[in-house]
Number of protein chains: 2
Amino acid sequence: MGTVLAHTDGAGLIDEVLTSFFARSKARAEAMHPEYLSLWQCLERTTAGGKRFRPRLVMTAHDLLGGSDRVAAATVAAAFELLHTALIVHDDVIDRDYTRRGAPNVAGTYRNRAAASGSSTERADHTGLSTAVIAGDLALSNAYRLLSEADVDPPTRQRLGDLLDEAIVASAAGELLDVLAPLDSTPQTVDEVLTMSKLKTAVYSFDAPLCAGAVLAGADQELVGALGEFGRTIGTAYQVADDLIAAFGDEALTGKTGWGDLREGKRTALISYAAGQSQWTRIAELMSRPDLTAQEATEIRELLAASGARDETLRLAADLTEQALDILVRPVIPQTLRDGLKPLSRLVTDRMGA
Amino acid sequence: MGTVLAHTDGAGLIDEVLTSFFARSKARAEAMHPEYLSLWQCLERTTAGGKRFRPRLVMTAHDLLGGSDRVAAATVAAAFELLHTALIVHDDVIDRDYTRRGAPNVAGTYRNRAAASGSSTERADHTGLSTAVIAGDLALSNAYRLLSEADVDPPTRQRLGDLLDEAIVASAAGELLDVLAPLDSTPQTVDEVLTMSKLKTAVYSFDAPLCAGAVLAGADQELVGALGEFGRTIGTAYQVADDLIAAFGDEALTGKTGWGDLREGKRTALISYAAGQSQWTRIAELMSRPDLTAQEATEIRELLAASGARDETLRLAADLTEQALDILVRPVIPQTLRDGLKPLSRLVTDRMGA
């Protein structure tokens, strides 16, 4: 995702804020207990691995709207990165994932440690997940702390606080819908899937960071509102395209198997489309198998294509991208920002292989 | 715990702040998704069941130090209650507890719902724990939000932010040590147990609320420092006494069996004392049994008494209480506050049956 925003490079400044934050946090943790330092190091590694996508959206909006306080912007940007860390660490707990990008995540690191100490598999798993609950709590609370360190006037502070609050409240709503979806025997509609994606990911990853950058640059409510709408729409398009990658992309490329989520009963737009078609019985039967062979995976893909679900999903992603670009041409959005944000649509089209 | 602080009653004001907070949060949640409203109602019930111990400490310190802004104090107090809610909800995830005070907690409520929808026991358990991770995140982030709503000057805001931050960072450290303790084959020393208790509970439950109330009343750093020290010490004494209740108290009174934690390999001061004695082999063997009979529980209690561990633990709780009361007589602490806080020691002595 990084290259899309390469022309406005706040990455150095964001890393400085995060490095300073973790240095302070690690020193305090070590003073409390040596064991605590390890957890903070683990959390720092989790944060270091990211592409800084959300913080760079903050910087992009701030810079292209003529904002003049890049230090405050980088502090707010870093807060959004910590929020992202918190959400992925807790999302991994919920998905019982022990790796991320091919390496042990927080839960995996402590699961391995418990296993090495002689814990049973079941105990080691739970030790890993418990530690990840704690680590996510630290990242989440420190997102609020970092935001409070931004040196801005009280009304700006209030608006930024509202945005961070909205982001976490929305992502928790989306995560809840995701967790509860498998309990519902009636298949989710495409609209329900889109609502879930928007709440779970688009608000905190696209909408809120763009709005925060604009608020830092002193933007009025109309501009902030339009940016938020653009962010939610392009972010939802991105998630739809991501479903396609999960199902049709190279597993080595995405770093995880695309079928795990589906097997857990989670719904995507792709699956919602397929669920209404004649191929669905066979697809569902294949997906329920715990150890899918390469041949069976290929069969699922062929059935998804034959059912028309793949094309419908591609069309949906393209439509949402177009809607997002339509928002971007509204007169309230200055030309420089429009030009700077337009490449974000490539995030979607690149994923669609277009 | 309530009656100890009954002479300074801020409970009504605290409840008003929390009721208003939940009304706003539920309205927003319902607008996002009807399902989300249920989770917020569940979170409100969790918060409603508490004794408001931490918020009342905030009010007590504020009022007895002559603070004049009870509305700001009640807002900060409510933030500490939300922090407490967040920590118990996530602690229940870590302990895999599905009930609290005899009723289903957040995890239990959603586990039951998943089971009723036909989920396997294992899937239903995980649905319950996942939902509780989300609910705890909401309570935690909103503790920061509520704090930011207190109408105070910037230096006071900064000091209050530092206190909330220190409270969550300490409790996460204590929780981590608690989670990792069973991995260590060498028994924890009493000092290690006390460090864990202090970090996990005493800082956020006693130290930080007292300090926050003092800061709201404009107290200087020396007074705040002494109050913090008093809070950590009396809070640690309280935890030691709590271990005794868990082992020797009436199960119906505490609402949960006292052996669950011990069976999970968690250490208490009581157990650390016993671990060095000749009775330990038999105690450990009995405790490891998954279904303890009433007769076996009685045998454990008798062995703990015979080993001297019970008396040592009683002495430790009494010593810590005395240390706390010694802090309270320092000249920096005004007489009214001294008189108001002294009854807190009854929290410990009452638990010791003294």
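Residues numbered from 1 in each chain as written. Chains lettered and ligands numbered in written order. Predicted model: local features only at pLDDT ≥ 70, side-chain atom pairs only at ≥ 80, totals over all residues.

Participant: Before we go on, may I ask you to explain the overall build of chain A in this structure?
Facilitator: Secondary structure assignment for chain A yields 17 helices and two strands. Excluding contacts between residues fewer than 6 apart, the proportion of contacts in chain A whose partners are at least 24 apart in sequence is 75%. (Helix = DSSP H or I, 4+ residues; strand = E, 2+ residues; numbered from the N terminus. Contact = placed C-beta atoms within 7 Å.)

Participant: How should the packing of helix H4 (residues 70-95) of chain A against helix H6 (residues 121-149) of chain B be read in this particular structure?
Facilitator: Between two packed helices, what matters for the description is the angle formed by their axes and the separation of those axes. Close contact between H4(A) and H6(B) brings their axes to 9 Å; oriented N to C, the two are set at 160 degrees. Between H4(A) and H6(B), the angle falls in the class roughly antiparallel. Relative to H6(B), the crossing made by H4(A) is right-handed. Two secondary-structure elements touch here, H4(A) through A:His90, A:Val93 and A:Ile94 and H6(B) through B:Ser130, B:Val133 and B:Asp137. A class-by-class count of the residues in the contact of H4(A) with H6(B) yields three nonpolar, two polar and one charged. (Axes fitted to C-alpha atoms, helices over the stretch in contact; angles between N-to-C directions. Parallel < 35°, antiparallel > 145°, perpendicular 65-115°, else oblique. Left-handed = near helix turned anticlockwise from the far one by under 90°. Nonpolar A, V, L, I, M, F, W, Y, C, P; charged D, E, K, R; others polar.)

Participant: Sorry, what's going on with the relation of the copies chain B and chain A here?
Facilitator: Superposing chain B onto chain A requires a rotation of 180 degrees together with a translation of 0.0 Å along the rotation axis, leaving an RMSD of 0.0 Å. Here the two chains are linked by the operation of a two-fold rotation axis. Here 100% of the contact residues of chain B are again contact residues in chain A; the copies associate through an equivalent surface. (Least-squares fit on C-alpha atoms with pLDDT ≥ 70 in both.)

Participant: Explain helix H14 (residues 294-306) of chain B to me, please; I cannot follow it from the model alone.
Facilitator: Owing to its 3.6 residues per turn, the α-helix aligns residues three or four sequence positions apart on the same side. All names here are of chain B. Compared with an ideal rise of 1.5 Å per residue, which puts 13 residues at 18 Å, H14 spans 18 Å between its outermost C-alpha atoms and is within 8% of the ideal. Every buried residue of H14 is listed here: Ile300, Leu303 and Leu304. For H14, the arc enclosing every buried residue in end-on projection is 100 degrees, short of the 170-degree limit, so these residues lie on one face. Along H14, the residues that are exposed and aim more than 90 degrees away from the buried face are Ala294, Gln295 and Thr298. In the segment just after H14, Gly308 is the residue with positive phi, at about 85 degrees. (Expected span 1.5 Å × (residues − 1). Buried ≥ 20, exposed ≤ 12 C-beta atoms within 10 Å, placed from the backbone. Arc of directions from axis to C-beta.)

Participant: Explain the nonpolar core here, please?
Facilitator: Generally speaking, nonpolar side chains in soluble globular proteins are found buried as a group. A:Leu83 and B:Leu83 are the most contacted members of the largest nonpolar core, which has 232 residues in total. Those residues in contact with A:Leu83 that sit more than four places away from it in its chain are A:Leu140, A:Ala143, A:Leu164, A:Ala167, A:Ile168 and A:Tyr204. (Core = buried A, V, L, I, M, F, W, Y, C linked by C-beta atoms within 7 Å.)

Participant: Please explain the domain arrangement of chain A as it appears in this structure.
Facilitator: The extent of an interface is frequently quoted as the accessible surface area lost upon association of the parts. All names here are of chain A. Each assigned domain of chain A is listed here: domain 1 (1-151) and domain 2 (152-354). For domain 1 versus domain 2, the distance between C-alpha centres works out to 22 Å. Facing 32 residues of domain 1, the contacting portion of domain 2 comprises 30 residues. Broken down by element, the side of domain 1 that touches domain 2 gets its largest block of residues, nine residues, from H4. (Domains from an automatic or database assignment.)

Participant: Is there a simple way to explain the interface of chain B and chain A in this structure?
Facilitator: With 40 residues of chain B in contact, the opposing surface of chain A contributes 40 residues. Looking at the side of chain B that touches chain A, the elements that each hand over two or more residues are helix H1 (11-32), helix H2 (34-48), helix H4 (70-95), helix H5 (106-116), H6 and helix H7 (154-180) of chain B. When the residues that make up the side of chain B that touches chain A are grouped by side-chain class, the tally is 23 nonpolar, 10 polar and seven charged.

Participant: Honestly, the environment of B:Val17 in this entry has me stumped. Any pointers?
Facilitator: Residue and element names in this part refer to chain B. Along the chain, Val17 falls in helix H1. With 62 residues separating them along the chain, Val17 and Ala79 place their C-alpha atoms 9.4 Å apart. Those residues in contact with Val17 that lie beyond four places of it in its chain are Ala74, Thr75 and Ala78.

Participant: Where do I start with the packing of H2(B) against H6(B) in this structure?
Facilitator: Residues and elements named next belong to chain B. The interhelical angle for the contact between H2 and H6, taken along N-to-C directions, is 70 degrees, at an axis separation of 10 Å. Our classification of the angle between H2 and H6 gives roughly perpendicular. Both H2 and H6 take part in a crossing whose hand is right-handed. Seen from H2, the contacting residues are Leu39, Cys42 and Leu43; seen from H6, they are Thr131, Ala135, Leu138 and Ala139.

Participant: Is there a simple way to think about unusual backbone geometry in this case?
Facilitator: A negative phi angle is the norm for most residues apart from glycine, just as the trans form is the norm for most peptide bonds. All names here are of chain B. Of note, Arg52 is a non-glycine position whose phi angle comes to about 60 degrees, a positive value. Within the secondary structure, Arg52 sits in the loop between H2 and helix H3 (53-64). The backbone of Arg101 sits at a positive phi, close to 50 degrees, despite the residue not being glycine. Of note, Arg101 is situated in the loop between strand E1 (99-100) and strand E2 (103-104).

Participant: Explain the confidence of the model for chain A here, please?
Facilitator: The predicted coordinates ought not to be read in detail in places where the model reports low pLDDT. Residue and element names in this part refer to chain A. Looking at chain A, the pLDDT average stands at 90 and 92% of residues meet or exceed 70. For the stretch residues 252-256, pLDDT sits under 50, and the model shows five contacts to residues farther than four places along the chain or on other chains. The complex prediction reports pTM at 0.93, with the ipTM value standing at 0.93. (pLDDT = per-residue confidence, 0-100.)

Participant: What is the right way to look at helix H2 (residues 34-48) of chain A in this model?
Facilitator: Across its 15 residues, H2(A) extends 21 Å between first and last C-alpha, which sits within 8% of the 21 Å expected from 1.5 Å per residue. Along H2(A), the residues classified as buried are A:Tyr36, A:Leu39, A:Trp40, A:Cys42, A:Leu43, A:Thr46 and A:Thr47. Each buried residue of H2(A) sits inside an arc of 155 degrees when the element is viewed along its axis, so together they form one side. Next to the buried residues of H2(A) lie helix H1 (11-32), H4, helix H5 (106-116) and helix H6 (121-149) of chain A together with H7 of chain B.

Participant: Please explain the environment of B:Asp92 as it appears in this structure.
Facilitator: Residue and element names in this part refer to chain B. Considering the arrangement of structural elements, one finds Asp92 in helix H4. Note: C-alpha distance between Asp92 and Asp125 (33 residues apart in sequence) is 12 Å. Those residues in contact with Asp92, other than ones at most four positions away along the chain, are Asp97, Arg100, Asn105, Ala107 and Ala132.

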